[in-house]
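Spelled out from the first residue to the last, the chains are:
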Amino acid sequence: MNIVFTIFDKILFKNKTIVKKRILVTGGTGYIGSHTVVELQNSGFDVIIIDDLSNSKIEVLNGIEKITGIKPVFEQFDLTDIDKCKRFFNKYTDIEAIIHFAAYKAVGESVEKPLKYYRNNLLSLMSLLESMQTFSIRNLVFSSSCTIYGQPEKLPVTEDAPVQEAISPYGNTKQIAEEIIRDTIKTDKNLKTIALRYFNPIGAHPSAHIGELPIGIPNNLIPFVTQTAIGIREQLRVFGNDYNTPDGTAIRDYINVVDLAKAHVIAIERLLNNNNKKAFEYFNLGTGQGVSVLEIINSFEKVTGIKLNYKIVDRRAGDIEKVWADTSFANKELGWQAEKSLDETLLSAWKWEKRLSEE
Ligand code: UFG
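Source: prediction; values computed, not measured. (Residues numbered from 1 in each chain as written. Predicted model: local features only at pLDDT ≥ 70, side-chain atom pairs only at ≥ 80, totals over all residues. Heavy atoms only, no water.)

1. Quick look at empty space enclosed by the protein
Heads up, the condition is: Both site types are read off a 1 Å grid over the protein atoms alone. A 1.4 Å probe that fits but cannot get out defines a cavity, while an open set with protein on both sides within 12 Å along at least five of seven lines defines a pocket; lining residues have an atom within 4 Å of a point. Grid points are joined across faces, edges and corners, and a volume is the space filled by probe spheres set on the points. Starting at the N terminus, helices and strands are each numbered in turn, a helix being any DSSP run of H or I of at least four residues and a strand any DSSP run of E of at least two. Classification convention: Asp, Glu, Lys, Arg as charged; Ala, Val, Leu, Ile, Met, Phe, Trp, Tyr, Cys, Pro as nonpolar; all other residues, Gly among them, as polar.
The final tally for this structure, using the stated rule, is 1 cavity of 30 Å³ or more. Quantified by volume, the largest cavity comes out at close to 70 Å³. Lining the largest cavity are His 100, Phe 101, Ala 102, Ala 103, Asn 121, Leu 125, Phe 142, Thr 173, Lys 174 and Ala 177. Elements represented by at least two residues in the lining of the largest cavity include exactly helix 6 (114–134) and helix 7 (169–187). Counting residues per element, the lining of the largest cavity draws most heavily on helix 7, at 3 residues. Within the lining of the largest cavity, the residues separate by chemical class into 6 nonpolar, 3 polar and 1 charged.

Laid out in C-alpha cells, this is it:
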C-alpha cells in the first residue's frame, strides 16, 4: 500500500500534482496520537507531527516508520507558545486539517496541579484555533473524553447525555475545550470540528512497534496489569469490590487503540469531504460493552496463561461506578464500529509489554 503510494506520488509529482492531503497531528508521538498517525499514513495522508515530548519519546517515530515505511515530519515545540505556533504555520502552508491530541492527561496530577492542566490544555487549543483562523485552516478533530458525562444516569451513554460537573481539572479541561470550540465556531463560519469522546483506550499496535509508554507508575489499569505480569510491579490493586455491579468491581468500556485511531481517519475524511451535518459534531467512541476490573483480570489470565498477583483494596477517590457507550450514533453517522475483541486487545498490550522488556 505504502509502496504503491510512493510510486504514485513520484509519477504525479512530475506532473506537479500533489495527491496526498497533509494532516497536522498534535501530540502525534503520544499513545493515541501515534496509532492515529499510522492509520492516516496507511490511508494515504501525509502527516506532520507537533509534540513537545513532555510525555512521549522521539523513538516513537521509528516505530511508526517500521509499520508504515514512512517517517512523519516532526516539529518539537510547546503549542502554548503562540509565536512558535504561527511560525510553524508560516512554514507549512498546505495543512488541510488538524487532529489535536496534545494535552496532559493524568487525572490525579490534575487535582494536585490544576493550573498546569488549565494552562497547557487550554492555551494550546487557543493557539491552534487562533492559528487556524489566521491561516484559513477549516477542519479540526478534537480529542475529547467520556469523562465529561461523569456518572451518567442512563446506560449506555448517548451523545445526548448531559455534561456533568467535572470530577477533575483534567476532565474540566475537556469540557471547557469543547465549549471554546463551540463558541469559536459560532463566530467563524468556516471552522468545522468533530469532537471524539473516547471511553477507555487500551492495547497496542499488533506489530508491537508502538504502544502505550507510561512514565513512572501507571495510573491506568491495563499498563498496571501488564507491568505486574512482567514483574515490574509486585501486585495489582483492584480499587473496590463493593460497587453496584455484578461482581462488585467498576465497569468501563475498553476500546482498542487501533480501532479508535481508525475513527480519526473517518472523521478527517468526513470533514474534508464536507459530509459533516453540523459545524460542531461529537461522537462517543467505545465498544458498547461494559467490562469489570475482575473480568479484565480473568481475560488477561486466560489469553496469556499468566496468573496475576492482585488484591482488592478500597475504592479510588474520584472513580465512577460504571460507564459504557451507546455507539449507535457513531455506527450510523461515521460508519465506524469497534472490531477487535477484548482478548485480542489484551494480547496486543501484553505483546507490547514483552517487547518493551527486551529493550
Ligand atoms: N483500576 C484498578 N487498579 C489500577 C488501576 C485502575 O482497579 O491499578 C480500576 C479503576 O478503579 C477503574 C478501572 O480500573 O475502575 C479503569 O481505570 P483507569 O485508570 O484505567 O481508567 P479510568 O476509567 O479511571 O480513566 C479513564 C481515562 C481518563 C478519563 C477517565 C474518565 O484514563 O483519561 O477515564 O472516566 F478521564
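2. Describing helix 12 (residues 342–357)
Our working definition: Multiplying 1.5 Å by the helix residue count minus one yields the expected span of that helix. Partly exposed describes any residue whose relative accessible area lies between the buried limit of under 20% and the exposed limit of over 50%, with all areas from a 1.4 Å probe on protein chains only and scaled to the type maximum. Note on contacts: a residue pair qualifies if any of its non-hydrogen atoms lie within 4.5 Å across the two residues.
Helix length check: helix 12, at 16 residues, gives a terminal C-alpha distance of 23 Å against a target of 22 Å (1.5 Å per residue), a fit within 8%. Among all positions in helix 12, only Thr 345, Leu 346, Ser 348, Ala 349, Trp 350, Trp 352 and Glu 353 are buried. The inward-facing, buried residues of helix 12 abut strand 7 (200–202), helix 8 (221–230), strand 10 (254–256) and helix 10 (293–304).

3. Looking at the sheet that holds strand 6 (residues 192–198)
So the rule is basically this: For two strands to pair, DSSP has to find at least two bridges joining them. Axis lines are fitted through C-alpha atoms, for helices just across the contact stretch, and the angle between N-to-C directions can take any value from 0 to 180 degrees.
The parallel open sheet is built from 7 strands, whose spatial order is 3-2-1-4-5-6-11. On the outer flanks of this sheet lie strand 3 (73–75) and strand 11 (280–285), each paired with one strand and no other. Each strand axis lies, on average, 20° off the axis of its neighbour in the sheet, ignoring direction. Bridge count for strand 2 (residues 46–50) against strand 3 is 3 bridges, and the pairing is parallel. Bridge pairing in strand 3 links Ile 50 to Glu 75. Across the sheet, helix 9 (residues 257–272) is in contact with strand 1 (22–26), strand 4 (95–100), strand 5 (139–145), strand 6 and strand 11; its angle to strand 6 comes to roughly 165°.

4. A closer look at the pattern of salt bridges
So the rule is basically this: Between Lys or Arg on one side and Asp or Glu on the other, a salt bridge is scored when a side-chain nitrogen of the former is within 4 Å of a carboxyl oxygen of the latter.
In the structure shown here, the tally under the stated rule is 20 salt bridges. In this structure, Glu 178 engages Arg 197 in a salt bridge whose closest nitrogen and oxygen atoms are separated by 2.6 Å. Residue Glu 178 is found in helix 7, and its partner Arg 197 is found in strand 6; the two are separated by 19 residues along the sequence. There is no split in this pair, since Glu 178 and Arg 197 are both buried. Residue Lys 307 is joined to Glu 301 by a salt bridge in which the shortest nitrogen-to-oxygen separation is 3.1 Å. Among the residues examined, Lys 307 registers a relative accessible area of 68% and is labelled exposed. Beyond isolated ion pairs, a larger network of salt bridges with shared partners links Arg 270, Lys 277, Glu 281, Lys 332 and Glu 333.

5. Comments concerning the packing of helix 6 against helix 7
Test applied: Note on angle classes: values under 35 degrees are labelled roughly parallel, values over 145 roughly antiparallel, values of 65 to 115 roughly perpendicular, and the remainder oblique. Handedness of a crossing follows from how the near helix is turned relative to the far one, being left-handed for an anticlockwise turn of less than a right angle and right-handed for a clockwise one.
Relative orientation of the contacting elements helix 6 and helix 7 amounts to 20°, with a least axis distance of 9 Å. On the basis of the axis angle, helix 6 is roughly parallel to helix 7. Crossing of helix 6 over helix 7 shows right-handed handedness. Residue-level contacts link Pro 114, Tyr 117, Tyr 118, Asn 121, Leu 122, Leu 125, Met 126, Leu 129 and Gln 133 of helix 6 to Pro 169, Tyr 170, Asn 172, Thr 173, Ile 176, Ala 177, Ile 180, Ile 181 and Thr 184 of helix 7. For the contact of helix 6 with helix 7, the per-class residue count stands at 13 nonpolar, 5 polar and no charged.

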